[in-house]
Amino acid sequence: MDKYQALVSFILEKVGGKENVLSVTHCMTRLRFTLKDDSLVQREEVVKSPDVMSAQFASGRFQVVVGTNVADIFQVVQEQLNGKTVTAEEEKKGAVSTLVDTITKVITPVLGILTASGLLQGILALLTATNVLSVNDGAYIILHAMGQAVFYFLPVTLGYTSAKAFKMNPFVGMMLGATLLIPELMTGLASGDALYTLFQGTLFQTPVFNTFFGIPILFPATGYQYTVIPIIFIVYVGSKVENWLKKVVPAVIAHNVNSFLTILITVPLAILVVGPVTNVLSSLISAGVSGLYGISPVVTSLVVALLYQPLVIFGLHWPISAIGITNLAQSGVDYIFPMSFTANFAQTAVVLAVFLRTRSKDQKALAIPAMVSGLFCIIEPAIYGFSLPVKKRFAYSMLGGAVGSLILALTSTKMYAMSFGILGFAAFINPDSGSMNGVIMAIIASIATAAVAFVFTYMTFKKEEDVVEPEEKSLVKSEVLVSPLTGEIKPLESAADPSFASKALGKGFVIVPETGDVVSPVAGTVETIFPSGHAIGIVSNTGIELLIHIGIDTVELEGQGFKPLVKKGQVVAQGDKILTVDLKKVTEAGYSTESFVTITNSDQFLDVLCQQEGHIKANDKVMTVIPFNNQAETINIAEVN
């Protein structure tokens, strides 16, 4: 974003300075400033910038047209205004969707190394299972460290990516994560002789080993290694602290003290708050599983199987594992581990289904190591790279895991060791009798689990869910576009909106629609849908960047009257219906329905020829785009009339 710093500073200066800005929003191509004193705006100076396409007052706000990079420029505006009322009209999401989107955004940058580490651990498991290496060999120790490092230090890595997501200093985020992993925290805060016990005799009974200025510290017994959710919440809190400090700390010392104060405030908050919350949740989970098993082992199996994979995301699966470890230590047999044994096969099956359906080269490349990792019970790459980003896939994995768990519960299948993945089937061999019945049932359950997850994922895969990396596109011969609307065509120069009339947003035409059905003028991919639905950007298969903008200032309707029929990233054919508009509702709200269709990258082509006037129907030929490399081509201009 550094390349936009100078531009934003220039714009803010010419609109009267930061102190003159009351609020800022943005739409598809422009920044919209609400100002204290409009007379301070130097419009003529603003439009002199080569990065500003146009600028004018409209609807009581000063609008600066900066093109399709507006989202990136807007982010810099946010940074420079330091917390003033700066908002983008964003789609409202539920808490679960927001949490999943945040987790995905934070995890995605590290998927590559997660997958590599998982693959390394799978290879190491094979080497030890075949007695090529033993756990005491130097080669094993080094390879094991290589495979475990990214998982052990996950809070550090995610501290960085979380900070980037929450727009705070990423190195402060790393420090927050690293602090949680200091070994002396485990030895000094969660071990030794307890000072006293809180909540004695209750479900939440917790020993206190140390205090923070008299405040009891309830540090998780398992620490924060391998965890995901705690560091995301901690960095989120840290970002709020940092933003607050930016407002109150004088600029002359902010550079030197803000990071120090952010860490100083956030780390104690994290340890004193996140730790107790983790302990309470762990106690509830452990007690709940044990209590439910006493009532019904089958129901317990179903519940644990359904909840296990979500608990892995939150790092709260350890209480369940602790019950299994205790059972093995006391009696040599366990009923808990079979409940979650098939989870990795469910996730692996989801990845396989996506691998077979996706057209994305990147997804296919990630899928193979993710499947190998999954077979050895390293499921993080599968979860964060494939199932969690599309929530229904995660649900199918949970359902598959539940089916396998139910089979094992109904057949009273137990485990005699703690081992998972394809090497874990040996843990079902009864050491006393040598019976292989448990192994057979575990194989049947795993196949059933994989089948359920695979079939549901494969059959419900939709092309709009597919994340296909953009290919190099080029227009090699003239392409004819069709009208997206039925209505009256007018020259773009006659547009009531100066930004379009000046062709700052590319060449095109004006259309006054008669009906509210909007179709795609080209075959291509939906690049952008503004949350309010009033504007859609499409990139054709040949690289033509098209903007369809319905009405003037209709962003202010906040979606009322607009119903997008496509999603970002969806592939569309020429003539596909992409949007419906209630023209009556727009008009009754006091907004013009005059609409604009422009080629925003017009400068990349030799010419764009448009019908200039008359009545036209949706899907009628209306525009021809001519590439530079076909200057000699004979163009039948009448073709667009």
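Residues numbered from 1 in each chain as written. Predicted model: local features only at pLDDT ≥ 70, side-chain atom pairs only at ≥ 80, totals over all residues. Heavy atoms only, no water.

Inclusion rule: UniProt positions are given in the numbering used here, feature names are shortened, and annotations may be inferred rather than shown by experiment.
Going by what an unreviewed UniProt entry lists, the protein chain is known as PTS system, beta-glucoside-specific IIABC component and is assigned to Enterococcus gilvus ATCC BAA-350. Its UniProt record, at the heading Subcellular location (unreviewed entry), says of the protein chain: "Cell membrane".

Regarding the environment of N601
Which entries qualify depends on this criterion: Only runs of H or I of at least four residues qualify as helices and only runs of E of at least two qualify as strands under DSSP, and these elements are numbered from the N terminus. Each residue is assigned to one of three classes by its accessible area relative to the maximum for its type, calculated with a 1.4 Å probe on protein chains only: buried under 20%, partly exposed between the two thresholds, exposed over 50%. In what follows, residue pairs with any heavy atoms lying within 4.5 Å of each other are defined as contacts.
With respect to the helices and strands, the residue N601 is situated in the loop between β20 (595-599) and β21 (607-610). According to the relative accessible area criterion, N601 is buried, its value standing at 3%. Measuring from C-alpha to C-alpha, the distance between N601 and G506 comes to 6.4 Å, with 95 residues separating the pair along the chain. Beyond its immediate stretch of four places on either side in the chain, N601 contacts G543, I544 and E545.

A short note on the sheet that holds strand β14 (residues 524-529)
Where we set the bar: A strand pair is defined by DSSP finding two or more bridges across the two strands.
Read across the open sheet, the eight strands follow the order β18-β14-β15-β16-β20-β12-β11-β22; overall the sheet is antiparallel. The strands lining the two open edges of the sheet, one partner per strand, are β18 (571-572) and β22 (614-616). Bridging between β14 and β18 involves two bridges; their strand directions are antiparallel. Its bridge partner lying in β18, T525 is registered against V571.

Here we look at the pattern of salt bridges
Using the following cut-off: The rule for a salt bridge is simple: a side-chain nitrogen of Lys or Arg has to be within 4 Å of a carboxyl oxygen of Asp or Glu.
Counting across every chain of the model gives seven salt bridges. Between K14 and E13 there is a salt bridge, with its nearest N and O atoms 3.6 Å apart. Among the residues examined, K14 registers a relative accessible area of 11% and is labelled buried. Note that D517 and K577 form a salt bridge whose closest N and O atoms lie 3.7 Å from each other. Linking D517 in strand β13 (residues 517-519) with K577 in strand β19 (residues 577-581), this pair joins segments that are 60 residues apart in sequence. Residue classification places D517 among the partly exposed residues on the basis of a relative accessible area of 35%.

Describing the environment of F337
Residue placement: F337 occurs in helix α14 (residues 337-340). Taking relative accessible area as the criterion, F337 reaches 2% and is therefore assigned buried.

Here we look at the pairing of strand β23 (residues 621-626)
Where a strand is regular, its side chains alternate between the two sheet faces. Counting buried positions along β23 yields five of six residues, so the element is predominantly enclosed. Here β21 pairs with β23 via four bridges, running antiparallel. Within β23, the position partnered with L609 by the bridge is T624.

Things to note about the packing of aromatic side chains
Cut-off, in case you're wondering: In this analysis, rings of Phe, Tyr and Trp, with Trp reduced to its six-membered ring, are considered paired at centre separations within 6.5 Å, and the interplanar angle assigns stacked below 30 degrees, edge-to-face beyond 60, and tilted for intermediate values. Whether a charge sits over a ring depends on NZ of Lys or CZ of Arg being within 6 Å of the ring centre and within 35 degrees of the ring normal.
Applying the stated criterion across every chain, the model contains 15 aromatic pairs. For the ring pair F219 and Y224, a centre distance of 5.4 Å and an interplane angle of 85° mean the geometry is edge-to-face. When the centroid spacing of 4.3 Å and the interplanar angle of 10° are considered together, the rings of F500 and F596 count as stacked. In this pair, F500 sits in helix α20 (residues 498-501) while F596 sits in strand β20, placing the two residues 96 residues apart along the sequence. For F596, a relative accessible area of 0% corresponds to the buried category. The side chain of R357 reaches across the aromatic face of Y458, ending 4.9 Å from its centre. The ring of F355 has K364 lying over it, and the distance from NZ or CZ to the ring centre is 4.6 Å.

Some details on helix α3 (residues 70-81)
What counts, and what does not: Residue count minus one, scaled by 1.5 Å, sets the expected span of a helix.
In this model, α3 (twelve residues) spans 16 Å end to end at C-alpha, consistent with the 16 Å of a helix rising 1.5 Å per residue. Of the residues one or two after α3, N82 is the one with positive phi, at around 50°.

A short note on the sheet that holds β13
Backbone hydrogen bonds hold the strands of a sheet together, and the pairing may be parallel or antiparallel. For clarity, the cut-off: To obtain each axis, a line is fitted to C-alpha atoms, and for helices this fit is confined to the stretch in contact; angles are then taken between N-to-C directions over 0 to 180 degrees.
Pairing within the open sheet is antiparallel, and its three strands lie in the order β13-β19-β17. Taken across any chain shown, the strands that pair with only one partner, and hence form the sheet edges, are β13 and β17 (562-564). When the angles between neighbouring strand axes are averaged without regard to direction, this sheet yields 20°.

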